[in-house]
Amino acid sequence: MRAALGALLLAGALATSACATGTDAVIQGETFEFVSPDGKIEIHYDPPAERKPVAELTGPDLMDPDRTLNVQEDFAGQVVIVNLWGQWCGPCRAESDDLQRLQEEFEPQGATVFGINLRDPNRQKPVDFVKDNGITFPSIWDPSNAAVAALRGFPTSVVPATIILDKQHRVAAVYLAEITDDKLSETVTALLAEEVEPV
């Protein structure tokens with residue numbers, strides 16, 4: 001009942017939005033799960049013990065469809081800035097420079113931006129966008145929403161959206177709107193300074 005009500009509220013909010021809207025993200029069970037209780041667009045999960053990991057996040061490399069990317073394997077022990085984007089989305093295009101600056105600043109420190117390209121059935125369009133804008137961080141090409149299913153219940157119409165995973169790939173923060181590098185830098189820096197907790 002609660003999940004159904006949340007879905008109805010989210011659907012109503014999305015109907016009034018051109019590219020993206022915001023709802024709250026809640027963690028339930030053993031892995032991160034999205035529900036929509038009260039319309040927040042920025043959520044932080046502290047203390048770390050309250051965080052839940054994402055399910056396995058994997059899919060074909062946008063730039064090389066013969067290669068499979070896997071967050072848990074390719075970026076083990078790293079902070080990961082997961083960004084849901086589409087080249088058709090104006091705010092996504094606008095924030096791409098900020099994400100690239102985050103990649104350049106934090107990659108040497110043990111963090112990466114990791115894109116999930118959504119709702120782009122023509123692969124060449126996002127490939128051209130990446131090349132034309134000098135984007136170096138990896139992205140999964142996910143026209144069928146198979147990869148984003150790891151973010152259980154996360155609505156693919158909320159684009160752009162950014163989910164920051166700590167070193168243990170638990171959800172530490174969620175941003176349901178266009179971001180800037182200044183806005184995320186403090187969060188990423190704090191997560192890089194955290195000690196990895198024993199499993």
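Right above here is the structure, for reference.
Residues numbered from 1 in each chain as written. Predicted model: local features only at pLDDT ≥ 70, side-chain atom pairs only at ≥ 80, totals over all residues. Heavy atoms only, no water.

Side note on the overall build of the protein chain
Counted only if it meets this: Going along the chain from the N terminus, every DSSP run of H or I of four or more residues is numbered as a helix, and every run of E of two or more is numbered as a strand. Partly exposed residues are those whose accessible area sits between 20% and 50% of the maximum for their type, while under 20% is buried and over 50% is exposed, using a 1.4 Å probe and protein chains only. Contacts between residues were defined by any pair of non-hydrogen atoms, one from each residue, lying within 4.5 Å. What sets the accessible areas is the Shrake-Rupley method with a 1.4 Å probe; for residues, cover comes only from the shown protein chains.
Regarding its fold elements, the protein chain presents five helices and eight strands. Of the regular secondary structure in the protein chain, the N- to C-terminal order runs α-β-β-β-α-β-α-β-α-β-β-β-α. When the 199 residues of the protein chain are sorted by exposure, 50% land in the buried category. Within the protein chain, counting contacts between residues at least 6 apart in sequence, those at least 24 apart form 68% of the total. Of the roughly 9200 Å² of accessible surface on the protein chain, 52% is carried by carbon and sulfur atoms.

Some remarks on the sheet that holds strand S7 (residues 161-165)
For the record, the criterion: By this definition, two strands are paired if DSSP reports at least two bridges between them. Angles here are taken between N-to-C directions and fall from 0 to 180 degrees, while the axes themselves are lines fitted to C-alpha atoms, restricted in helices to the stretch in contact.
Taken together, the six strands give an open sheet; going across it, the order is S1-S8-S7-S4-S5-S6, and neighbouring strands pair in mixed fashion. Taken across any chain shown, the strands that pair with only one partner, and hence form the sheet edges, are strand S1 (42-44) and strand S6 (139-142). Each adjacent strand pair in this sheet contributes to an overall mean axis angle of 15°, direction not counted. Relative to strand S8 (residues 171-175), S7 runs antiparallel, the two sharing four bridges. Bridged to Thr162 within S8 is Tyr175. Strands in contact with helix H5 (residues 181-193) are S1, strand S4 (79-85), strand S5 (111-118), S7 and S8; relative to S7, the strand with the most contacts, it is inclined by about 20°.

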